[in-house]
Amino acid sequence: MQNCLFCKIVRGEIPADKVYEDERVMAFLDINPQAPVHLLVIPRRHLVCLADATAEDAALLGHIQCVIAELAHTHGFADAGFRVVNNCNEDGGQEVEHIHYHVLAGRRMQWPPG
Ligand code: 5GP
Ligand code: ZN
């Protein structure tokens, strides 16, 4: 997508502090961190939000969760714990319309979320 912010990061047109990439997925630091660790994990392929996912996306979305697990171990927050957040559409609080998973760690999370 030409004007999508995260597609621009995927294409290298906007810099990002990358922590992981493979042929399907990228992870980078959130520019406005809400916890000591705040990563964003995205598919390279443009998908707007989770509501648009179909059975064809199952392997990709499963892979994203496996990447998150790997990051939790390599970054040392697997045992302490972490939170994964996916904001979808307006009520979900989604601002960037390219599906992304927030990975938050390094502090105790609250429930319920705001
Ligand atoms: P959303 O509200 O859509 O779930 O989350 C979008 C996230 O993208 C926010 O946490 C915001 O801080 C982050 N973000 C917005 N613009 C940029 C950017 O240019 N670079 C990076 N690394 N993160 C961004
Ligand atoms: Zn995109």
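Just above sits the structure.
Novice: Explain the side chain of His63 to me, please; I cannot follow it from the model alone.
Specialist: With respect to the helices and strands, His63 occurs in helix α2 (residues 58-74). Setting aside chain neighbours within four positions, we find His63 in contact with Tyr20, Asp22, Arg24 and Val25.

Novice: Help me understand the coordination of the zinc ion (ligand 2), please; the structure alone is not making it clear to me.
Specialist: Metal coordination angles in their ideal form are 109.5 degrees for the four-donor tetrahedron and 90 or 180 degrees for the six-donor octahedron. Only Cys4 (SG), Cys7 (SG), His46 (ND1) and His98 (ND1) from the protein reach the zinc ion (ligand 2) as donors, at distances of 2.0 to 2.3 Å. The coordination sphere of the zinc ion (ligand 2) comprises four donor atoms, whose angles at the metal cover 106 to 115 degrees; the geometry is tetrahedral. Mapped onto the sequence, the donors of the zinc ion (ligand 2) take the spacing C-x2-C-x38-H-x51-H. A residue pair is termed long-range when its members are at least 10 positions apart, and Cys4 in the segment before α1 (5-11) and His98 in the loop between α3 (89-92) and β5 (101-105) qualify at 94 residues. Of the two residues examined, Cys4 and His98, each falls in the buried class.

The rules behind these values
- Residues numbered from 1 in each chain as written.
- Chains lettered and ligands numbered in written order.
- Predicted model: local features only at pLDDT ≥ 70, side-chain atom pairs only at ≥ 80, totals over all residues.
- Heavy atoms only, no water.
- Helix = DSSP H or I, 4+ residues; strand = E, 2+ residues; numbered from the N terminus.
- Contact = heavy atoms within 4.5 Å.
- Donors = N, O, S within 2.8 Å, 3.2 Å for Na, K, Ca; no water.
- Tetrahedral: all angles 85-135°; square planar, octahedral: opposite > 155°, others 65-115°.
- Buried < 20%, exposed > 50% of the residue type's maximum accessible area, 1.4 Å probe, protein only.

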